[in-house]
Structure formats: structure tokens, C-alpha cells
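One-letter residues, chain by chain:
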Amino acid sequence: MEIKKVGIAGCGLMGSGIAQVCIQAGYQVVVSEINDELLNKGIDSIKANLDRNVQKGRMKEEDEKAALGRLKGTTEIRDFADCDLIIEAVIELMEEKKKLLSALDKICPESTIFASNTSSLSIIEMASATNRPDRVLGLHFFNPVPVMRLIELVHSLATSDETVNTAAEFGRSLGKEVVIVKDSPGFLVNLLLTPLMHEAMKALESGLATMEDIDTAVRLGLNHPMGPFTLADLIGLDTVYRISSAIYEETKESRFAPPPRLKQMVLAGWLGRKTGKGFYEYK
Ligand code: CAA
């Protein structure tokens, strides 16, 4: 099946990044938000990113214009009715995602593939809200989407091989590397990342080393681009907490249990870069 038109539900940090890479790859894109204010904010961030590409000489002005010409913003779900692939990047609440997929299932042709950008929720549970579980899968992008080269393609028990192949080809057409993972708590990347972050937080709590030294150790000793505290602040501590809790909920393995301090920081509203304070402070 050929993907020509892509729908993206949600134009926040992830949805806008996904929309940007899709229009840059030549797809027609319709992106939605729950109101005009959020929609405009998301579209402005896409424009700002493309402007930066032009300023840095990575993109021609006419290519930016053409890319933006392929982008349509909407607050109406009916605008997704002729999409070949819809990627949802709405709030990480299973009930919201199921409600959206169920509504899309009623208005889209049988052939439309539904993908979720979820980082921790079950794909088969989302698929159960539709009459097309063979055409539902996860396409998990990473933040910042234009820069990060990975997509975790998550297939449930019911996802068909044809859907996996079409989605993998689509992912590669965006210039990304695609890894194929089973629908299981934390998929692959967060299954590996969560214990590292928890151990870093425990090391800090126990006084093993300072936060800065733990970050430096991981950055220079393991060659990660960011240490675990800087990365947690980038991802958002609410998101880190939610991912840990979701994996722990399913596995009951102590290494996934979110440290109490993480929960306290989330309750205090210290969510990382987006609120100006997390493990570090941001001006
Ligand atoms: N959007 C678009 N481009 C961006 C960007 C953004 N938000 N942030 C940075 N960039 C670009 C910059 O324009 C720059 O490009 P040029 O060098 O061509 O000008 C390039 O990325 C490097 O940026 P900087 O020089 O500002 O900074 P850096 O070298 O420290 O790189 C980084 C920044 C790319 C974020 C890098 O630190 C990095 O890779 N960090 C790790 C990010 C990571 O692990 N993300 C995954 C999080 S987990 C997740 O998303 C999934 C989940 O389920 C939680």
C-alpha cells in the first residue's frame, strides 16, 4: 500500500516534530489540535524549525515554502477521512487514545493504517477500540523528532505483516532507522533507559556522586550525548514518571518502580526544561 497523505493527531512537541519530518519528506499532511491556540503554537514551531534550516543553509527557501504548502492544520477530526496513515500523538491517556481511534475507525476507509506514538501504552489495547486491529501499530519517534534518527515500530499480536512492512517503509522514507519491537511494556528503548535513570537518581540520593558528576560520567564514560538528569529534564519528569509507572504496573519488577523523589518533583511541578526547573534550573 502506498502512503500519500498522513494525518497527525496532536501538534505538541512530538506531533509537530512528526508533521515536520513528514512534510519535509514530501507527504501531504493534516495535523490536528483540540483548539486553534494549540494548533497555531504547533505550526509556528514547525515554521521556526524550517526557518532555522534555511538560515543554516540546510534547506532552500523554495523547499521550505513547498513543505509548508503540504501542511494543513485542523481542529476537525473529519479532515482525517482521506488519510492513508494516521499517527496519533495526543495526550498519553489510554481512554483518550481509544476514543480517538474509535472515532477515526468510523470515518476512515478500511485500508487506513492507525499508528500511535505512545511511549508506554499497550498497542493491542488501543487496537481493541477499532475494527481493524491488523492495521494498528506503534510508531514511536524520539525527541527532538527532526534530529533523532530512530523509530521503534511496535507490532501487537494482531498487527499484520503487510501493515508492519508498509509502516517500516514509511519510516525509512522519513530518513529514519526503524527497529521492530513487540508490544510489551516499555517496548525496547524505555525498557533500557528507565533503569539507568532510576539508578542515577538512587546514586544521587545515596550521595554516591553529585548530579553534575553523574551526568558527566555517563556523557564522557559512555559517550551518551546527555547524562541521565539532563535527558530526564529534556523528556519531562512527568513523562519519565508515567513511563516508569506504566512499565512497573505491568511487570512489578522493582527496577522499574519510580523513585519517590521523582514523584515528589512531578507533584511539585518541577517537570524539567518545559517548566524551567527539573533536576537543573533553566532560564
Ligand atoms: N528541533 C530541531 N532541531 C534541533 C532541536 C529541536 N528541538 N534541538 C537541537 N536541534 C538540532 C540543532 O539545530 C543542531 O543542528 P546543527 O548542529 O545542524 O545546527 C543539532 O540538533 C545539535 O543541537 P545543539 O548543537 O543545540 O546541541 P547538542 O549537540 O547538544 O544536541 C541534542 C542536542 C540533539 C538534543 C543532543 O543532545 C541529543 O541527542 N540528546 C539526547 C536526546 C535523546 O536521547 N532523546 C531521546 C529522548 S527519549 C524519547 O524521546 C522517547 C521517550 O519515549 C521518552
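Residues numbered from 1 in each chain as written. Predicted model: local features only at pLDDT ≥ 70, side-chain atom pairs only at ≥ 80, totals over all residues. Heavy atoms only, no water.

1. A few points about the overall build of the protein chain
- Looking only at helices and strands, the protein chain features eleven helices and eight strands.
- Taken over C-alpha atoms, the radius of gyration comes to 19 Å for the protein chain, in line with the 19 Å a tight globule of 283 residues would show.
- Judged by the C-alpha coordinates and their principal axes, the protein chain covers about 55 × 45 × 35 Å.
- Classification of the 283 residues of the protein chain by burial places 46% in the buried group.
- A separation of at least 24 residues holds for 66% of the contacts in the protein chain among residues at least 6 apart in sequence.
- If you sum the accessible surface of the protein chain, you get close to 14200 Å²; carbon and sulfur atoms cover 53% of it. (Helix = DSSP H or I, 4+ residues; strand = E, 2+ residues; numbered from the N terminus. Rg over C-alpha atoms; globule rule 2.2 N^0.38 Å. Buried < 20%, exposed > 50% of the residue type's maximum accessible area, 1.4 Å probe, protein only. Contact = heavy atoms within 4.5 Å. Areas by Shrake-Rupley, 256 points an atom, 1.4 Å probe, with all protein chains shown as cover.)

2. Describing empty space enclosed by the protein
- The full count for this structure, using the stated rule, is one cavity of 30 Å³ or more.
- Size it by volume and the largest cavity reaches roughly 50 Å³.
- Those elements that provide at least two residues to the lining of the largest cavity are helix H7 (189-205) and helix H10 (237-251).
- When residues of the lining of the largest cavity are assigned to their parent elements, the largest contribution, four residues, is made by H7.
- When the residues that make up the lining of the largest cavity are grouped by side-chain class, the tally is five nonpolar, three polar and no charged. (1 Å grid on protein atoms, 1.4 Å probe; cavity = no way out; pocket = protein on both sides within 12 Å on 5 of 7 lines; lining within 4 Å. Points joined across faces, edges and corners; volume = space filled by probe spheres on them. Nonpolar A, V, L, I, M, F, W, Y, C, P; charged D, E, K, R; others polar.)

3. Concerning the sheet that holds strand S4 (residues 85-88)
- Taken together, eight strands build an open sheet; the order of strands is S3-S2-S1-S4-S5-S6-S7-S8 and the sheet is mixed. Each edge of the open sheet is held by one strand with a lone partner, namely strand S3 (71-74) and strand S8 (177-182). Between one strand and the next, the sheet's axes are offset by a mean angle of 25°, whatever the strand orientation.
- Relative to S8, strand S7 (residues 150-155) runs parallel, the two sharing six bridges. Directly across from leucine 153, in S8, lies its bridge partner isoleucine 180.
- Across the face of the sheet, helix H4 (residues 94-107) comes into contact with strand S1 (5-9), S4 and strand S5 (113-116) while running at roughly 165° to S5.
- Across the sheet, helix H6 (residues 161-173) touches S1, S4, S5, strand S6 (136-141), S7 and S8, and the angle it forms with S7 is around 170°. (Pairing = 2+ DSSP bridges. Axes fitted to C-alpha atoms, helices over the stretch in contact; angles between N-to-C directions.)

4. What about the environment of valine 147?
- Tracing the sequence through the fold places valine 147 in the loop between S6 and S7.
- In this structure the C-alpha to C-alpha distance between valine 147 and glycine 17, which are 130 residues apart in sequence, comes to 9.3 Å.

5. Some words on the domain arrangement of the protein chain
- According to the domain assignment, the protein chain consists of domain 1 (5-182) and domain 2 (189-273).
- Between domain 1 and domain 2, the C-alpha centre-to-centre distance is 27 Å.
- Each side of the interface is counted separately: domain 1 has eight residues, and domain 2 has six residues.
- When the two sides are added together, the surface that domain 1 and domain 2 hide from each other amounts to roughly 610 Å², 55% of it contributed by carbon and sulfur.
- When residues of domain 1 are sorted by the area they lose upon contact with domain 2, Ser119, Ser120 and Asn143 head the list and together hold 52% of the total.
- The tally of links from domain 1 across to domain 2 stands at one salt bridge.
- A per-class count over the side of domain 1 that touches domain 2 returns two nonpolar, four polar and two charged. (Domains from an automatic or database assignment. Buried area = accessible area lost by both parts, 1.4 Å probe. Salt bridge = Lys/Arg side-chain N within 4 Å of Asp/Glu carboxyl O.)

6. Details of the nonpolar core
- Counting 36 residues, the largest nonpolar core has Val6, Ile87, Phe141 and Phe170 as the members making the most contacts within it.
- Discounting residues that sit within four places of it in the chain, valine 6 has contacts with Cys22, Tyr27, Gln28, Val29, Val30, Cys83, Leu85, Ile87 and Phe170.
- If you look at the next biggest cluster of nonpolar residues, it comprises 19 residues, including Ile86, Ile123, Met126 and Ala127. (Core = buried A, V, L, I, M, F, W, Y, C linked by side-chain atoms within 4.5 Å.)

7. Topic: the pattern of salt bridges
- The tally for this structure, following the rule as stated, stands at 15 salt bridges.
- Note that glutamate 177 and arginine 149 form a salt bridge whose closest N and O atoms lie 3.7 Å from each other. With glutamate 177 in strand S8 and arginine 149 in the loop between S6 and S7, this pair connects stretches of sequence that are 28 residues apart.
- Relative accessible area serves as the criterion here: at 48%, glutamate 177 is assigned to the partly exposed category.
- Here the residues in one salt-bridge network are Glu88, Glu92, Lys97 and Arg242, joined through shared partners.

8. Things to note about the site of the ligand
- By nearness alone, 19 residues border the ligand, and Lys56, Arg58, His140, Asn143 and Asn190 come closest of all.
- Taking asparagine 143, its main chain carries an N or O atom lying 2.8 Å from a nitrogen atom of the ligand.
- Between an oxygen atom of the ligand and a side-chain N or O atom of asparagine 190, the distance comes to 2.9 Å.
- In isolation the ligand has 1000 Å² of accessible area, and contact with the protein removes 62% of it. (Near = heavy atom within 4 Å. Polar contact = N/O pair within 3.5 Å; in protein donor to acceptor, adjacent residues only side chain to side chain.)

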